[in-house]
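Descriptive structure summary
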Amino acid sequence: MALVPPASEEDWLAFKHNKDDAARSRLAEHYLPLVKYVIDRIAYKLPDFIDREDLISEGIVGLIDALDKFEIERDLKFETYAVVRVRGSVLDSLRQLDWVPRSLRQRSREIEKAYCEVERKLGRSAKDSEVAAHLGITAKELNDTMSDVAGAVVFSFEELLQMNDEDKPLMFINRIKDSNADDPSHTLIKNEVKRLLVDAVDNLPDNERTIVGLYYSKNLTLKEIGGVLGVTESRISQLHAKALVRLKGVLTRAGDEVFAE
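Residues numbered from 1 in each chain as written. Predicted model: local features only at pLDDT ≥ 70, side-chain atom pairs only at ≥ 80, totals over all residues. Heavy atoms only, no water.

Looking at the environment of Glu 208
Mapped onto the elements, Glu 208 comes out in helix H11 (residues 206-217). What makes Glu 208 buried here is its relative accessible area of 3%. Between the alpha carbons of Glu 208 and Ala 243 there is a distance of 5.7 Å; along the sequence they are 35 residues apart. Glu 208 has contacts with Leu 239, Lys 242, Ala 243 and Arg 246, leaving out every residue within four places of it along the chain. (Helix = DSSP H or I, 4+ residues; strand = E, 2+ residues; numbered from the N terminus. Buried < 20%, exposed > 50% of the residue type's maximum accessible area, 1.4 Å probe, protein only. Contact = heavy atoms within 4.5 Å.)

Remarks on the packing of aromatic side chains
Throughout the structure, instances matching the rule amount to 6 aromatic pairs. Taking the centre distance of 6.3 Å and the plane angle of 50° together, the rings of Trp 12 and Tyr 31 count as tilted. A residue pair is termed long-range when its members are at least 10 positions apart, and Trp 12 in helix H1 (residues 9-18) and Tyr 31 in the loop between helix H2 (21-30) and helix H3 (33-43) qualify at 19 residues. Consider the rings of Phe 70 and Phe 78, whose centres lie 5.2 Å apart with planes at 75°: the pair is edge-to-face. The exposure class of Phe 78 is buried, given its relative accessible area of 6%. Put simply, the rings of Trp 12, Tyr 31, Phe 70, Phe 78 and Tyr 81 pair up and form one aromatic cluster. The side chain of Arg 41 reaches across the aromatic face of Tyr 215, ending 3.7 Å from its centre. (Phe/Tyr/Trp six-rings, centres within 6.5 Å; stacked < 30°, edge-to-face > 60°. Lys NZ or Arg CZ within 6 Å of the ring centre and 35° of its normal.)

Some words on a negative patch on the surface
Together, Asp 51, Glu 53, Asp 54 and Glu 58 line one region of the surface with negative charge. In this structure, Glu 58 sits in helix H4 (residues 52-69). Classification of Glu 58 by relative accessible area gives partly exposed; the value is 31%. (Patch = residues over 30% accessible without salt bridge, like charges linked within 9 Å, V, L, I, M, F, W, Y side chains within 5 Å. Areas by Shrake-Rupley, 256 points an atom, 1.4 Å probe, with all protein chains shown as cover. Salt bridge = Lys/Arg side-chain N within 4 Å of Asp/Glu carboxyl O. Lys, Arg positive; Asp, Glu negative; His and termini not counted. Charge placed at Lys NZ, Arg CZ, Asp CG, Glu CD.)

Looking at the nonpolar core
Counting residues in hydrophobic clusters, the biggest one holds 30 residues, and the most contacted among them are Trp 12, Tyr 31, Phe 78 and Leu 94. Of all the secondary-structure elements, those providing two or more residues to this core are H1, H2, H3, H4 and helix H5 (78-97). Counting residues per element, this core draws most heavily on H5, which supplies 8 residues. Those residues in contact with Tyr 31, other than ones at most four positions away along the chain, are Val 4, Pro 5, Pro 6, Ala 7, Trp 12, Leu 63 and Phe 78. Core analysis: the second largest hydrophobic core is formed by 20 residues, Leu 197, Leu 204, Ile 211 and Leu 220 among them. (Core = buried A, V, L, I, M, F, W, Y, C linked by side-chain atoms within 4.5 Å.)

Overview of the pattern of salt bridges
Per the counting criterion, the structure on display carries 13 salt bridges. One salt bridge in this structure joins Asp 65 and Lys 69, with 3.3 Å as the shortest N-O distance. A residue pair is termed a helical-turn pair when its members lie 3 or 4 positions apart in one helix, as Asp 65 and Lys 69 do in helix H4 at 4 residues. Residues Glu 130 and Arg 124 are paired through a salt bridge, measuring 2.6 Å at the closest nitrogen-oxygen approach. By relative accessible area, Glu 130 is classed as partly exposed at 22%. In this structure Arg 124 comes out as partly exposed when scored by relative accessible area, which is 37%. When salt bridges with common partners are traced through the structure, they connect Lys 36, Asp 40 and Arg 52 into a single cluster.

Set out below in structure tokens:
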């Protein structure tokens, strides 16, 4: 699904080859809807005191950064590159605000650790009842907590697949990359991360795998996914958070295995 039609090739060439500021401005205006798209997919789970206009400003910073650093010679859609940059800029600003209460952040870490430990032990995706038992709570208490924690999972699938060394470091790659290694090594690691994530998505429970596909491939909002699946937006948010926790756990376990060798 195309979020924004491609900008004119003339503007790209004028901007990149001739440093034309007017062309740069036209490109920024053309791709501005990408900022709204990213904000809409993040803002649903934020508290009321977070100013949407501030997030838009941060998103525009990310968009301009994407325009400046995008290489038109690469076989990559600018739209794809820009969404990652814009999202990263917005999420960075949210992390700096540290708007999530410490107790909620602690609960988020505990649940993430529980999923990771149970799935490591079982060698498969953990059921809610199994994670709840590990935490010593009921499945309902786990789901209620996940609803609260959903807003604290400031993490996105796209963040795992940054596209070059100038991007913000990947959580997994940053842990295992040798800073003295040549680029081919980095490329190999990125390919391994992609393979791990594809396998991890394939192994998600059916409902979580469907949500990940609709959200990241079909670009549906959580509300729209709820309509498709016939459940509430709150339930979709909860399942989406669980999927992200599982995927993050895959990289955590992979990193631990690398260090154990």
